[in-house]
Amino acid sequence: MMKNVLKPAAAAVAVAALIAGTTLVSAPVLAADATPSVRAELPNFVDLVEKYGKGVVNISTVREARQIAGADPFGGMDEQSAEIFRRFGFPMPFTFGGPREVPEQRGTGSGFIISADGLILTNHHVVDGADTITVRLTDNREFKGKVLGSDAKTDIAVVKIDAKDLPVLKMGNSDNLKVGEWVAAIGSPFGLDNTVTAGIVSAKSRKLPNDQYVPFIQTDVAVNPGNSGGPLFNMDGEVVGINSQIFSTSGGFMGLSFAIPIDLALQIKDQLVKTGKVTRGRIGVMIQNITPELAESFGLKSVKGAIVAQIDKDEGSHIACFLCPAAYHHFPADHLRGDGAAVVGAFETFHGICHKFCTPFVLGNSAFSGGFLILPRKRNLIY
């Protein structure tokens, strides 16, 4: 005869049910392997961290104490504004226009190794103005770093250390990233080395105020002060971005972090390593995005692209448009969306495509080395 054995808690429930005059119905018990594990459906970052975490470094900087002539301790307040505060009784002991002592400043950030002989990518703002740079590896070895080049407009810097046989990270393709894809960051938030955080890609080609050159990758990966310059990985362990900024009203992480696409970062790196600076072309035009009203007025079927709204007469390029018709059908469609990436990523692509499909033209004293074809002048041009 089969006996039903109840645990004390279950027995108490059964007794209570009998007293109440209700029927106790036993729930079916699922076998341990009847359903797939929830854990198996979540991404696993263990292998990624073990394989590639060694390629991430901590960067410490020191800026020595110095004097600044004519410094304003209130960040832009002139003598006239200061006088207003004095009249209302606010203490103003500072002497405007005189030298001011700035104490020693220390900072910390992250970076990652891109060559076995000691080339490291990081952010410009991590090393900007530093007198001493110390790079610490995961094995606690420390090296003095030297800035080979730095670009403020894209927030990219290349640091060199005297080392060899270093672990090198794999570079991915940021254009292949998909919104919703899992990504991970490794860095040194608040100086805590090799901290791993993860999230998803929230948006691509995000344009931020005062940033005209970078179509940022937006994620919800936890990024805090000290993460700057660290790598953003995809699930294949490839670097797809460099963590650069956060949007915050408190100074801490609030779910919005932004990374520089690695494709752009590597283009800047090549110039910095070669010449120590970045040279950019100027075509002398002002560009704006297509709006629904403009699309309707121009008879466009969709609200995509950008418009050349104004030509700068002071520049050498008194041209109607810089897009070569022969190359138009070979131009990547994602650069024609008018979401900021259209202009940001266009110039390098234009150069490569037009050089292949167009004959170089010379107009006056200006050589269009990229082979841009000069089109008939119009009031407004769309590309």
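Computed from a predicted structure; not experimentally measured.

Draft legend 1. Representation of the overall build of the protein chain within the structure. Regarding its fold elements, the protein chain presents ten helices and 21 strands. Taking all 383 residues of the protein chain together, the buried fraction comes to 38%. In the protein chain, the share of contacts with a sequence separation of at least 24, taken over all contacts with a separation of at least 6, comes to 65%. As displayed, the protein chain offers around 22600 Å² of accessible surface, 55% of which is attributable to carbon and sulfur atoms.

Draft legend 2. Layout of the sheet that holds strand S6 (residues 132–136). Here we have seven strands laid out as an open sheet, ordered S7-S6-S1-S4-S5-S9-S8, and antiparallel in their pairing. Each edge of the sheet is formed by a strand with only one pairing partner; in this case those strands are strand S7 (142–144) and strand S8 (146–151). Pairwise comparison of adjacent strand axes, ignoring direction, gives a mean angle of 30 degrees for this sheet. Pairing of strand S5 (residues 119–122) with strand S9 (residues 156–160), which is carried by four bridges, proceeds in the antiparallel orientation. Bridging across to S9, Leu-119 finds its partner in Lys-160.

Draft legend 3. Looking closely at the environment of Val-127. Mapped onto the fold, Val-127 is located in helix H5 (residues 124–127). Taking C-alpha positions, Val-127 is 8.4 Å from Ile-59, a pair spaced 68 residues apart along the chain. When near neighbours in sequence (up to four residues on either side) are disregarded, Val-127 contacts Ile-59, Thr-61, Thr-122, Ile-133, Val-147, Ala-157 and Val-159.

Draft legend 4. Here's a closer look at the pairing of strand S4 (residues 105–113). When strand S1 (residues 56–63) meets S4, the two strands line up antiparallel, connected through eight bridges. Within S4, the residue paired with Thr-61 across the bridge is Gly-107. Relative to S5, S4 is paired through two bridges, and the arrangement is antiparallel. Looking at S5, one finds that Phe-112 is bridged to Leu-121. Linking two consecutive strands that pair antiparallel, namely S4 and S5, is a turn of five residues; a positive phi of about 110 degrees is found at Gly-118 within it.

Draft legend 5. Representation of the nonpolar core within the structure. Grouped together as the largest cluster of nonpolar side chains are 25 residues, with contacts concentrated most on Phe-112, Leu-121, Ile-156, Phe-233 and Ile-242. Among the secondary structure elements, those contributing two or more residues to this core are helix H3 (46–52), S5, S9, strand S15 (238–246), strand S16 (257–261) and helix H6 (262–275). Sorting elements by how many residues they give to this core places H6 first, with five residues. In this structure, Leu-121 is in contact with Gly-111, Phe-112, Ile-114, Ile-156, Ala-157, Val-158, Gly-229, Ile-242, Ile-262, Leu-266 and Lys-269, ignoring residues within four places of it in sequence. Counting 15 residues, the second largest nonpolar core, distinct from the first, contains Val-127, Val-159, Ile-161 and Leu-166.

Draft legend 6. Up close: the side chain of Ser-115. Along the chain, Ser-115 turns up in the loop between S4 and S5. Of the residues examined, Ser-115 reaches a relative accessible area of 16% and is grouped as buried. Separated by 2.5 Å, the side chains of Ser-115 and Asp-117 make a polar contact. In this structure the side chain of Ser-115 is engaged in a polar contact, spanning 3.0 Å, whose partner is the backbone nitrogen of Leu-119. Excluding residues within four positions of it along the chain, Ser-115 makes contact with Leu-166 and Val-168.

Draft legend 7. Representation of the environment of Phe-258 within the structure. Mapped onto the secondary structure, Phe-258 falls in strand S16. Judged by relative accessible area, which is 7%, Phe-258 ranks as buried. Separated by 14 residues in sequence, Phe-258 and Ser-244 place their C-alpha atoms 6.0 Å apart. Setting aside residues up to four positions removed in sequence, Phe-258 forms contacts with Arg-206, Leu-208, Phe-216, Ile-217, Gln-218, Ile-242, Asn-243, Ser-244, Gln-245, Ile-246 and Phe-247.

Draft legend 8. Geometry of unusual backbone geometry. Look at Asn-140: it is not a glycine, yet its phi comes out positive at around 75 degrees. Residue placement: Asn-140 occurs in the loop between S6 and S7. On the accessibility criterion, Asn-140 (59% relative accessible area) is exposed. Located in the positive-phi region is Ser-205, a residue other than glycine, with phi close to 55 degrees. Within the element layout of this structure, Ser-205 appears in strand S12 (residues 195–206). The exposure class of Ser-205 is buried, given its relative accessible area of 15%.

What counts, and where the lines are drawn
- Residues numbered from 1 in each chain as written.
- Predicted model: local features only at pLDDT ≥ 70, side-chain atom pairs only at ≥ 80, totals over all residues.
- Heavy atoms only, no water.
- Helix = DSSP H or I, 4+ residues; strand = E, 2+ residues; numbered from the N terminus.
- Buried < 20%, exposed > 50% of the residue type's maximum accessible area, 1.4 Å probe, protein only.
- Contact = heavy atoms within 4.5 Å.
- Areas by Shrake-Rupley, 256 points an atom, 1.4 Å probe, with all protein chains shown as cover.
- Pairing = 2+ DSSP bridges.
- Axes fitted to C-alpha atoms, helices over the stretch in contact; angles between N-to-C directions.
- Core = buried A, V, L, I, M, F, W, Y, C linked by side-chain atoms within 4.5 Å.
- Polar contact = N/O pair within 3.5 Å; in protein donor to acceptor, adjacent residues only side chain to side chain.

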